[in-house]
Amino acid sequence: MKTTFGRRTRILAATTATAGLVLVAGCSSDDSGSSGTKTAAGGVEVVKAGQLTTCTHLPYPPFQSEIDGKVQGFDVSLIDLVADDLGVKQTIVDQPFENFKTGGSLNAGSCDLAAAGMTITEERKKNVDFSDPYFEATQAVLVDKKSGISSFADLKGKKVGAQAQTTGEDYAKSKGLDPVSFESSDAVINGLRTGQVEAVVIDYPVVQGWLKDKANAAAFEVAEQINTGEQYGFTVKKGNTKLREAINKAIADAKADGTYKKLYEKWIGPYDESAASASPAA
């Protein structure tokens, strides 16, 4: 996932799952002048009355990105389901990824959960509690079709790009590469498009969504898809069992009633059942 330090925090308020989210001018405010309880359905405590506040880092299509002035995506739609179950509306806070990867934003009460296409790792589990996995993720080697690169092995000696502080960057480094770090998924792909790098290692779902554009697919391709055993999860503050359970229930219900499949096809592409078959967290 992504990191942009110094970016101005934006608050985006939820409207509906289909309409996405709209930008709210100004900065975050406290609840001193608001009415209502900070306890949602099921006894779930929330940081702001009537809201389920989600931290993310934009852009990260197809999971969350701003489209026509609204933040939309696969993660956004899934968390809207959680908010509906709790009888509240989702609000999104755009922050540096580091803030919630380390649990800082959750501990500070900036948000109730983080949804950012975040890979579940043992290191991150030290700082936050993860929901059950909701997506099986792989890495992809994205290249220009004229590059002559046909596999990850061909990247040796090439100028390779990756997103800073992501598992893609970690994987490239673990294989002896010294990737150029970019602050966001958009920046990584733009680096390839403009010739700053010869290939990029990035989460396959991001590439899958980007290649849905015919112009992109005409010039670029996936040289290799790498199964790194990654699973995405949503995070909550350590010990926030009730919210974690509410998220897990919403994920399970969505898979059971077909909603997950519909959202997958809308945001990511042709349904891949294996991507949805992540086992519940231990």
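These figures come from a predicted structure and were not determined experimentally.

Some remarks on helix α5 (residues 167–174)
Within the sequence span of α5, burial applies to T167, G168, E169 and A172. Turning to α5, the residues buried within the fold contact β9 (135–144), β10 (160–163), β11 (180–182), β12 (199–203) and β13 (220–232). Two residues or fewer past α5, G176 is found with a positive phi of approximately 90 degrees.

A word on the packing of helix α1 (residues 74–86) against helix α9 (residues 241–257)
For the pair α1 and α9, interaxial distance at closest approach is 9 Å and the crossing angle is 115 degrees. It follows from the interaxial angle that α1 and α9 lie roughly perpendicular. α9 is crossed by α1, and the crossing has right-handed handedness. Along the contact surface, α1 presents L81, V82, D85 and L86, while α9 presents L243, A246, I247, A250 and A254. Classifying every residue of the contact of α1 with α9 gives eight nonpolar, no polar and one charged.

Examining the packing of α1 against helix α10 (residues 259–267)
α10 packs onto α1 with a crossing angle of 155 degrees between their chain directions and a minimal axis gap of 9 Å. With respect to their mutual orientation, α1 and α10 come out roughly antiparallel. Where α1 crosses over α10, the two elements pack in a sense that is right-handed. When α1 is examined against α10, the residues F74, S77, L78 and L81 are found in contact with a partner set consisting of T259, Y260, L263, Y264 and W267.

Points about the pattern of salt bridges
Under the counting rule described, the total for this entry stands at five salt bridges. K125 serves as the salt-bridge partner of E122, at 3.3 Å between the closest nitrogen and oxygen. Taken as a pair, E122 and K125 lie in helix α4 (residues 122–125) at a separation of three residues, close to a single helical turn. Classification of E122 as exposed rests on a relative accessible area of 58%. For the salt bridge of K249 with D253, the shortest nitrogen-to-oxygen distance reads 2.7 Å. Taken together, the positions of K249 and D253, both in helix α9 and four residues apart, correspond to about one turn of that helix.

Details of the nonpolar core
One recurring pattern in soluble globular proteins is that nonpolar side chains are buried together. Counting 45 residues, the largest nonpolar core has L52, F74, L86, Y134, F135 and F234 as the members making the most contacts within it. Listed by contribution, the elements that provide at least two residues to this core are α1, β9, α6 (185–193), β12, α7 (204–210), β13, α9 and α10. Among residues more than four places away in sequence, those in contact with F234 are D75, L78, I79, L113, A114, A115, D129, F130, S131, Y134, I247 and I251.

Quick notes on the rules
Residues numbered from 1 in each chain as written. Predicted model: local features only at pLDDT ≥ 70, side-chain atom pairs only at ≥ 80, totals over all residues. Heavy atoms only, no water. Buried < 20%, exposed > 50% of the residue type's maximum accessible area, 1.4 Å probe, protein only. Helix = DSSP H or I, 4+ residues; strand = E, 2+ residues; numbered from the N terminus. Contact = heavy atoms within 4.5 Å. Axes fitted to C-alpha atoms, helices over the stretch in contact; angles between N-to-C directions. Parallel < 35°, antiparallel > 145°, perpendicular 65-115°, else oblique. Left-handed = near helix turned anticlockwise from the far one by under 90°. Nonpolar A, V, L, I, M, F, W, Y, C, P; charged D, E, K, R; others polar. Salt bridge = Lys/Arg side-chain N within 4 Å of Asp/Glu carboxyl O. Core = buried A, V, L, I, M, F, W, Y, C linked by side-chain atoms within 4.5 Å.

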